[in-house]
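Listed here are the chains, written in short residue letters.
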Amino acid sequence: MKKPLVCLLLMLPFALLPAGVSADKAKPKKEKTANKNQSAPTELMTDEEFESKLKYQHGTIKLANGIATLNVPVTFRYLDADQAEKILVDAWGNPPGHKTLGMLFPADLSPLSVDGWGVVITYSEEGFVKDDDAESIDYNEMLAEMKKDTREDNDERKKQGYGEIDLVGWATPPHYDKASHKLYWARELRFGDAMESTLNYDIRVLGRKGVLSFNAVASMQQLNMIQDRMQDVLGFAQFTAGNQYTDFNPSVDTIAAYGIGALIAGKIALKVGFFKLLLGGLLALKKFIIIGLAALAALLRKWFGRKRDLESGETPTTTLNLK
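Structural notes, computed from the coordinates. Bear in mind the structure is a predicted one, so any value in this text is a computation, not a measurement.

1. What about the side chain of Asp 253?
Structurally, Asp 253 can be placed in the loop between strand E13 (237-239) and helix H5 (260-265). A distance of 2.6 Å separates the side chain of Asp 253 from the side chain of Arg 208, its partner in a polar contact. A distance of 2.7 Å separates a polar side-chain atom of Asp 253 from the backbone nitrogen of Asn 249. Ignoring any residue separated from it by four or fewer positions in sequence, one finds Asp 253 in contact with Arg 208, Lys 209, Asp 247 and Phe 248.

2. Some remarks on the packing of aromatic side chains
Applying the stated criterion across every chain, the model contains 8 aromatic pairs. Ring geometry for Phe 76 versus Phe 236: centroids 5.3 Å apart, planes at 80 degrees, classification edge-to-face. With a gap of 160 residues between them, Phe 76 in strand E6 (residues 76-79) and Phe 236 in the loop between helix H4 (223-234) and E13 connect regions that are remote in the sequence. With respect to burial, Phe 76 and Phe 236 carry one shared label: buried. With 6.3 Å between their ring centres and 65 degrees between their planes, Tyr 123 and Phe 239 make a pair best called edge-to-face. Taken together, the positions of Tyr 123 in strand E8 (residues 119-124) and Phe 239 in strand E13 put the pair 116 residues apart, joining distant regions of the chain. By relative accessible area, which is 17% here, Tyr 123 ends up buried. Taking relative accessible area as the criterion, Phe 239 reaches 5% and is therefore assigned buried.

3. A look at helix H2 (residues 81-91)
Among the 11 residues of H2, 9 are classified as buried, and the element is accordingly described as predominantly covered. If you check which residues of H2 are buried, you get Ala 81, Gln 83, Ala 84, Glu 85, Ile 87, Leu 88, Val 89, Asp 90 and Ala 91. Phi turns positive, to about 80 degrees, at Gly 93, one or two residues after H2.

4. Focus on the sheet that holds strand E4 (residues 59-62)
On the basis of which strands lie adjacent, the open sheet formed by 3 strands has the order E4-E5-E13 and antiparallel pairing. Taken across any chain shown, the strands that pair with only one partner, and hence form the sheet edges, are E4 and E13. The sheet shows a mean angle of 25 degrees between the axes of neighbouring strands, taken without regard to direction. Strand direction decides the pairing type here: strand E5 (residues 68-72) and E13, joined by 3 bridges, are antiparallel. Its bridge partner lying in E13, Ala 68 is registered against Phe 239.

5. Topic: unusual backbone geometry
The phi dihedral of His 181 is positive, around 60 degrees, even though this residue is not glycine. Among the structural elements, His 181 can be located in the loop between strand E9 (165-177) and strand E10 (182-191).

6. Observations regarding the pairing of strand E12 (residues 211-219)
Of all 9 residues that make up E12, 9 are buried, and the element is covered over most of its length. Examined bridge by bridge, strand E11 (residues 198-206) and E12 share 9 bridges and lie antiparallel to one another. Directly across from Tyr 201, in E12, lies its bridge partner Ala 216. The antiparallel pairing of E11 with E12 creates a hairpin that spans 4 residues between the two strands.

7. Focus: the side chain of Thr 172
Tracing the sequence through the fold places Thr 172 in strand E9. Separated by 2.6 Å, the side chains of Thr 172 and Gln 227 make a polar contact. Non-local contacts of Thr 172, meaning those with residues more than four positions away in its chain, are made with Tyr 184, Trp 185, Ala 186, Tyr 201, Leu 223 and Gln 227.

8. Topic: the pairing of E10
Counting buried residues along E10, 9 of its 10 residues qualify, which places the element largely inside the surrounding structure. The pairing of E9 with E10 spans 9 bridges and is classified as antiparallel. The partner of Asp 177 across the bridge, within E10, is Lys 182. Here E9 hands over to E10 after 4 residues, with His 181 in that stretch at a positive phi of 60 degrees. Looking at chain direction, E10 and E11 are connected through 8 bridges and run antiparallel. Bridge pairing in E11 links Lys 182 to Val 205. Hairpin connection between E10 and E11: a loop of 6 residues separates the two successive antiparallel strands, and Gly 192 in this loop has a positive phi of roughly 55 degrees.

9. Notes on the sheet that holds E9
Whenever strands of a sheet pair, they do so through backbone hydrogen bonds, lying parallel or antiparallel. Pairing is antiparallel across the open sheet formed by 7 strands, whose spatial order is E6-E7-E8-E12-E11-E10-E9. Two strands lie at the open edges of the sheet, namely E6 and E9, each paired on one side alone. Going from strand to strand, the sheet's axes swing by 20 degrees on average, the running direction of each strand aside. Both E6 and strand E7 (residues 103-106) contribute to a ladder of 4 bridges, which runs antiparallel. What sits directly across from Leu 79, in E7, is Met 103.

Thresholds applied
Residues numbered from 1 in each chain as written. Predicted model: local features only at pLDDT ≥ 70, side-chain atom pairs only at ≥ 80, totals over all residues. Heavy atoms only, no water. Helix = DSSP H or I, 4+ residues; strand = E, 2+ residues; numbered from the N terminus. Polar contact = N/O pair within 3.5 Å; in protein donor to acceptor, adjacent residues only side chain to side chain. Contact = heavy atoms within 4.5 Å. Phe/Tyr/Trp six-rings, centres within 6.5 Å; stacked < 30°, edge-to-face > 60°. Buried < 20%, exposed > 50% of the residue type's maximum accessible area, 1.4 Å probe, protein only. Pairing = 2+ DSSP bridges. Axes fitted to C-alpha atoms, helices over the stretch in contact; angles between N-to-C directions.

Written out as structure tokens, the structure is:
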């Protein structure tokens, strides 16, 4: 059975790139590490043995950073950060070291199956994201600009050794709920001459000091199912008291350098050469890479800091390496 391989660089909300990695013989592995600086020997185990070691959770779960809680029903199951890394690294072939706040999985589907999928949870504390622009965004215009940017950036992808990406369109148009301060959208993408498109589904929950992210990647054939299940996920998360969006205090809190539009499009990151950060991956026959919101936020912070310096006539204190 083919085992899914994915490459995760925390969660930047747009880029999905292919790499020529074969998953035909990939198997979950148990690592026995004697020295961190040496390659760890591995021992093959069956899917059943591997999954029996996973410690799934249900109910009310406080995320490790204490910033939010999840209310996970029996139709889903949660793995904490350490357990999630076993899936990401040992089962799905990611390099180690990219910690998350855990993962969610549908209870009726094994993450080791060909159709298995999961939701990666991360948090970026980059400030309070103002939602003033949410109602004025023309998402058709945004999509046209994103498609144009994607086509233009294909030359850079080729130089970096990656294949072309075709942004087919919105699989689910962006929607922002101003009352709950939750945002979701999905894109359909195609890599090179691949026959099957990839679905990239994103949820963002806005808080007082940052953004909680839920990201799932699957085949476009799973669109209807993923849409339904991710609508359930949308209701799982709640920031804890003092960390909610309505707890924002302009006297002491930092305002993020970007709004709802940039959060969805990731356009600025695309324009400042972030392809240097990419790693390659493969999920069964669905080729993709998830790039992290944390990386986007860092680039936005650097870029807007540089832009403000230039506009004020001061010497920029932050520069970007575009080489």
